[in-house]
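# Residue-level structure breakdown
Each chain is listed here by its residues.
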Amino acid sequence: MQTFIPLEKRSKKAQRAYHALQRGTWHAFSPVTRIVPNGKAYSRSKAKRALRREGSV
């Protein structure tokens, strides 16, 4: 049986290994926060699309 060694007393390498095991993965999720764009705000690209649509008709 291994004796318990507090995390503070372990080497930096052992601490990194311990923390790496504690961290999970995101798998299929992106960690970037997704923000819904404000529909009332002026969007230059949205305005360009609208102008192009009107021009092609």
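Report on the accompanying structure. (Residues numbered from 1 in each chain as written. Predicted model: local features only at pLDDT ≥ 70, side-chain atom pairs only at ≥ 80, totals over all residues. Heavy atoms only, no water.)

### Topic: the overall build of the chain
Within the chain, the regular secondary structure consists of 2 helices and 0 strands. For 57 residues, the compact-globule estimate of 2.2 N^0.38 gives 10 Å, and the C-alpha radius of gyration of the chain, at 26 Å, exceeds that figure by more than 25%. Oriented by its inertia axes, the alpha-carbon framework of the chain measures out at about 80 × 20 × 15 Å. A buried classification covers 2% of the 57 residues belonging to the chain. Surface accessibility of the chain: about 6400 Å² in total, with carbon and sulfur atoms responsible for 59%. (Helix = DSSP H or I, 4+ residues; strand = E, 2+ residues; numbered from the N terminus. Rg over C-alpha atoms; globule rule 2.2 N^0.38 Å. Buried < 20%, exposed > 50% of the residue type's maximum accessible area, 1.4 Å probe, protein only. Areas by Shrake-Rupley, 256 points an atom, 1.4 Å probe, with all protein chains shown as cover.)

### Observations concerning the packing of aromatic side chains
Throughout the structure, instances matching the rule amount to 0 aromatic pairs. One residue, Arg10, lies across the ring of Tyr18, its end atom 5.3 Å from the ring centre. (Phe/Tyr/Trp six-rings, centres within 6.5 Å; stacked < 30°, edge-to-face > 60°. Lys NZ or Arg CZ within 6 Å of the ring centre and 35° of its normal.)

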